[in-house]
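# Inside the fold
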There are 2 protein chains.
Amino acid sequence: MSAAADDAQGNREDSGEDRLIARYFRPLATDPGAFDLRDDAATLMPPPGMEVVLQADALVGGVHFFPDDPADLVARKALRVNLSDLAAKGATPAGFLLTLALPAETSEAWLQDFARGLGDDAAAFGCPLLGGDTVRTSGPVVISISAFGLVPQGRMVRRAGAQAGDVIVVTGTIGDSALGLLLRTDAAAAARWKLDHVERGTLAERYLLPQPRLALAKAVLEHATAAMDVSDGLAGDLAKLCGVSGVDAEVDAAKVPFSAAAAKAIAAEPGLLQGALSGGDDYEIIATLPAAKLGALRSAGAATGVPVTEIGRIVAGRGGARFFDHGQQLAFERTSFSHF
Amino acid sequence: MSAAADDAQGNREDSGEDRLIARYFRPLATDPGAFDLRDDAATLMPPPGMEVVLQADALVGGVHFFPDDPADLVARKALRVNLSDLAAKGATPAGFLLTLALPAETSEAWLQDFARGLGDDAAAFGCPLLGGDTVRTSGPVVISISAFGLVPQGRMVRRAGAQAGDVIVVTGTIGDSALGLLLRTDAAAAARWKLDHVERGTLAERYLLPQPRLALAKAVLEHATAAMDVSDGLAGDLAKLCGVSGVDAEVDAAKVPFSAAAAKAIAAEPGLLQGALSGGDDYEIIATLPAAKLGALRSAGAATGVPVTEIGRIVAGRGGARFFDHGQQLAFERTSFSHF
């Protein structure tokens, strides 16, 4: 990025920030409400009967991704962790705001890749850039995204709402991302876990690039009594859902869906089971629903290519989640990831 | 902030982040759509006929504020720079999302002051916290706020819309904040500018704490053909407005409203005039409107305590802003602030 070019008349000057926006981000602002990023704000008009679902997540270089992760994947992850929340709330994406704090040494190539990845996913998931802000920082890259979705008024799927008797389901597989992160920081782990090249790649990719379960959002909206995305670890996130719902969860750890790679790692090192159940970055949906609706949700999953697995039951309680492994309750060292 | 307390059963565990949110930010989430910050997302339902105005601005420690600025003022500035944009768009505040990247050394006292300042302004301006995210960073504090307002559908006051013949007005006074920043970095300046204690305080405070002109938002919505908030310098921001509107602006620098303190500084050091007109951080509204509506806007300003000053005219052109000082066109070294 270059310094602002100065025009002796002070006319039609474009600042470096303006050029950065024009070059990299304007092509992503495909919604008419974004006004081509030529205004201070955007507009969003929910269709009649719909309301806006709003949520924000930030990613920090060196904390949520490695400084040398490809910039296009970093951008896609930043958007996808937000889309994952929208999916779990039963919302259809409508757009997002981006604030980007960039160190001075950020290269044009990094920005170009970042914008390309972001644009690809914005298009793929129907979630256009509506606006934002780019600023300098003396620290690592900070990517903050506020994402907006639409649901019928009053119908956002809450964390609160799980009922005793409900079944508990989870999408996809659990623990891959946490194990993928371990592989990044422990070079010897892959050999210890007896993983082949493909299995290593599976786990590594799950850490780099979450798969937001938007394809299932409509079915979640229709059938779930409560739902949230699993971002800080299945055990802790389920406990949070139960806490707000005022119920308990009983999960059969043997039913929790693991990928072949994760299953192999856990078989080689049984202590990894806890890490897989509490490690975070899964970006799957955990939902509760009446047993009678399980078939319908499974069918929706089959139709959209999203695996849906029953892992346990909601019972009366005061807000906790218990995991059992062959009848023995697991005692977690910690149930979820927290930065603080 | 303390590490997560671990419960051997993994039940009802509250992470450090949960406690941080509960202690400092839950009291600010007064809107029912925030679900007490106990869910993954918030909801916003615009009243019939209204649409949502969305915008985001980020502040970085050491860039937008000094690391030793009081945390309550930092928080209030972070919210106010966003509210300033909503005001200029003619929008009524509806709420905001906050993502906060915090260094490990952030103290409880800083957080407490930050939350108090943020809460005070959220209440004062009717803009409750709806949700957000707190994350760790190895760099300086990054505060990203996405603010939401409401306008009648299709009525957001755009940058585009200025018409040849319109008068140009600006609220409040210009340049105080840029001069206040100079005072912070040049200890000898106050004496050179012959400022007394009160005048120094006026300029310093304008840098620390902008005054969003929400009181005038309704009148701007009613009367302005185009508007924006002056955040990156009057000269450059007006040029941007003209660029999008496809017109030129002619401003009489002698009409630009300066505070007594700024006028004294400029009188002592005439070279400061350019800095005052292009320095940024004013957070005033610049608007264009038909001359016939000037009286109505002035009356609204008088009724709400917001000074409204006519500074020039819109003329046919291709998108530039010219400033004249006693008939001589000013040649700016640079017309606005840019981070890049």
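Only a predicted model underlies this, so the values are computations on that prediction, with no experimental measurement involved. (Residues numbered from 1 in each chain as written. Chains lettered and ligands numbered in written order. Predicted model: local features only at pLDDT ≥ 70, side-chain atom pairs only at ≥ 80, totals over all residues. Heavy atoms only, no water.)

## Focus: the relation of the copies chain A and chain B
We apply this condition: In this comparison the copies share one frame, found by least squares on the C-alpha atoms of residues holding pLDDT of at least 70 in both. Two residues form a contact once any of their heavy atoms are found within 4.5 Å.
Between the two copies, chain A and chain B, the superposition gives an RMSD of 0.0 Å; the rotation angle is 180° and the shift along the axis is 0.0 Å. These values place the two chain copies in the arrangement generated by a two-fold rotation axis. Among all residues of chain A, the one whose C-alpha sits closest to the rotation axis is G139 of chain A, at a distance of 1.9 Å. Most of the interface of chain A is mirrored in chain B, where 100% of its interface residues are also at the interface.

## Observations regarding the packing of aromatic side chains
Residue and element names in this part refer to chain A. Using the following cut-off: Pairs were defined over the aromatic rings of Phe, Tyr and Trp, the Trp ring being its six-membered one, requiring ring centres within 6.5 Å. Orientation was assigned from the angle between planes: stacked under 30 degrees, edge-to-face over 60, tilted for the rest. Segments assigned H or I by DSSP are reported as helices when at least four residues long, segments assigned E as strands when at least two residues long, and all are numbered from the N terminus. Buried, partly exposed and exposed residues are distinguished by accessible area as a fraction of the type maximum, computed with a 1.4 Å probe on protein chains only: under 20%, between the cut-offs, and over 50%, respectively. Note on criteria: charge over ring means Lys NZ or Arg CZ within 6 Å of the ring centre, with the direction from the centre no more than 35 degrees off the ring normal.
Summed over the entire model, instances satisfying the criterion amount to seven aromatic pairs over all chains. Between W110 and F114, the ring centres sit 5.1 Å apart and the planes meet at 15°, which makes this aromatic pair stacked. One end of the pair is W110 and the other is F114, both in helix 3 (residues 108-124) and four residues apart, which spans about a single turn. For F114, a relative accessible area of 0% corresponds to the buried category. Geometry around Y207 places K77 over its ring, the cationic atom sitting 3.9 Å from the centre.

## Digging into the interface of chain A and chain B
It is common to give the size of an interface as the accessible area lost on bringing the parts into contact. Spelled out, the test is: Accessible area, probed at 1.4 Å, shrinks when two parts are joined; the buried area is that loss added up over both. Definition used for salt bridges: Asp or Glu carboxyl oxygen within 4 Å of a side-chain nitrogen of Lys or Arg. Residue polarity follows a fixed list, in which Ala, Val, Leu, Ile, Met, Phe, Trp, Tyr, Cys and Pro are nonpolar, Asp, Glu, Lys and Arg are charged, and the others, Gly among them, are polar. One bridge is not enough; two strands pair if DSSP finds at least two bridges between them.
In this assembly, 86 residues from chain A lie in contact with 86 residues from chain B. Between chain A and chain B, the buried area comes to about 6,700 Å², and carbon and sulfur atoms account for 55% of it. Linking chain A with chain B are eight salt bridges, by the criterion used here. For D40 of chain B, the salt bridge identified is with K89 of chain A, shortest N-O distance 2.9 Å. The biggest single contributor to the side of chain A that touches chain B is strand 2 (residues 50-60) of chain A, with ten residues. Taken together, the residues of the side of chain A that touches chain B break down into 38 nonpolar, 25 polar and 23 charged. In this structure, strand 2 of chain A lies alongside strand 1 (residues 42-44) of chain B, joined through three bridges in antiparallel fashion. What sits directly across from V52 of chain A, in strand 1 of chain B, is L44 of chain B.

## Observations regarding the domain arrangement of chain A
Residue and element names in this part refer to chain A. This is how the line gets drawn: Domain start and stop points were drawn from an automatic or database domain assignment.
Each assigned domain of chain A is listed here: domain 1 (16-152) and domain 2 (167-329). Taken together, the contact between domain 1 and domain 2 spans 22 residues of the former and 20 residues of the latter. Of the roughly 1,800 Å² buried where domain 1 meets domain 2, counting both sides, 65% is carbon and sulfur surface. Three residues, F66, K77 and R80, lead the burial of domain 1 against domain 2; their summed loss comes to 29% of the area buried on that side.

## Observations concerning the pairing of strand 6 (residues 167-171) of chain B
All names here are of chain B. The buried fraction of strand 6 amounts to five of the five residues, a majority that puts the element mostly inside the structure. Here four bridges tie strand 6 to strand 9 (residues 284-289), and the two strands are oriented antiparallel to one another. The partner of V169 across the bridge, within strand 9, is A287. With five bridges connecting them, strand 6 and strand 10 (residues 308-316) associate as antiparallel partners.

## Regarding the sheet that holds strand 4 (residues 129-136) of chain A
Paired through backbone hydrogen bonds, the strands of a sheet run either parallel or antiparallel to each other. The condition that has to hold: In this analysis, axes come from line fits to C-alpha atoms, helices being fitted only over the stretch in contact, and the angle between any two N-to-C directions falls in the range 0 to 180 degrees.
Read across the open sheet, the five strands follow the order 4(A)-3(A)-5(A)-2(A)-1(B); overall the sheet is mixed. The strands lining the two open edges of the sheet, one partner per strand, are strand 4 of chain A together with strand 1 of chain B. Strand-to-strand, the axes of this sheet are offset by a mean angle of 20°, without reference to chain direction. Sheet topology places strand 3 (residues 92-102) of chain A next to strand 4 of chain A; seven bridges connect them, and they run parallel. If you follow T99 of chain A over to strand 4 of chain A, its bridge partner there is D133 of chain A. Sheet contacts for helix 2 (residues 71-88) of chain A: strand 2, strand 3 and strand 5 (142-152) of chain A; angle to strand 2 of chain A, the most-contacted strand, approximately 140°. Relative to strand 3 of chain A, helix 3 of chain A is tilted by about 170°, and along the sheet it contacts strand 3 and strand 5 of chain A.

## Focus on helix 1 (residues 16-25) of chain B
All names here are of chain B. Test applied: What the arc measures is the spread of directions leading from the helix axis to the C-beta atoms.
Looking only at helix 1, the buried set comprises G16, E17, L20, I21, Y24 and F25. Taken end-on, helix 1 shows its buried residues confined to a sector of 135°, consistent with a single buried face. Looking at the buried residues of helix 1, the elements they touch are strand 3 (92-102), helix 3 (108-124) and strand 4 (129-136).

## Focus on the sheet that holds strand 1 (residues 42-44) of chain A
Spatially, 1(A)-2(B)-5(B)-3(B)-4(B) is the arrangement adopted by the five strands of the open sheet, whose pairing is mixed. A strand with exactly one partner marks an edge of an open sheet, and here the two such strands are strand 1 of chain A together with strand 4 of chain B. Sheet twist, expressed as the mean angle between neighbouring strand axes with direction ignored, is 20°. With eleven bridges connecting them, strand 2 (residues 50-60) of chain B and strand 5 (residues 142-152) of chain B associate as antiparallel partners. Bridge pairing in strand 5 of chain B places M50 of chain B opposite P152 of chain B. With respect to the sheet, helix 1 of chain B is in contact with strand 3 and strand 4 of chain B, its orientation differing from that of strand 4 of chain B by roughly 135°. In the packing of helix 2 (residues 71-88) of chain B onto the sheet, contacts are made with strand 2, strand 3 and strand 5 of chain B, and the angle to strand 2 of chain B comes to roughly 140°.

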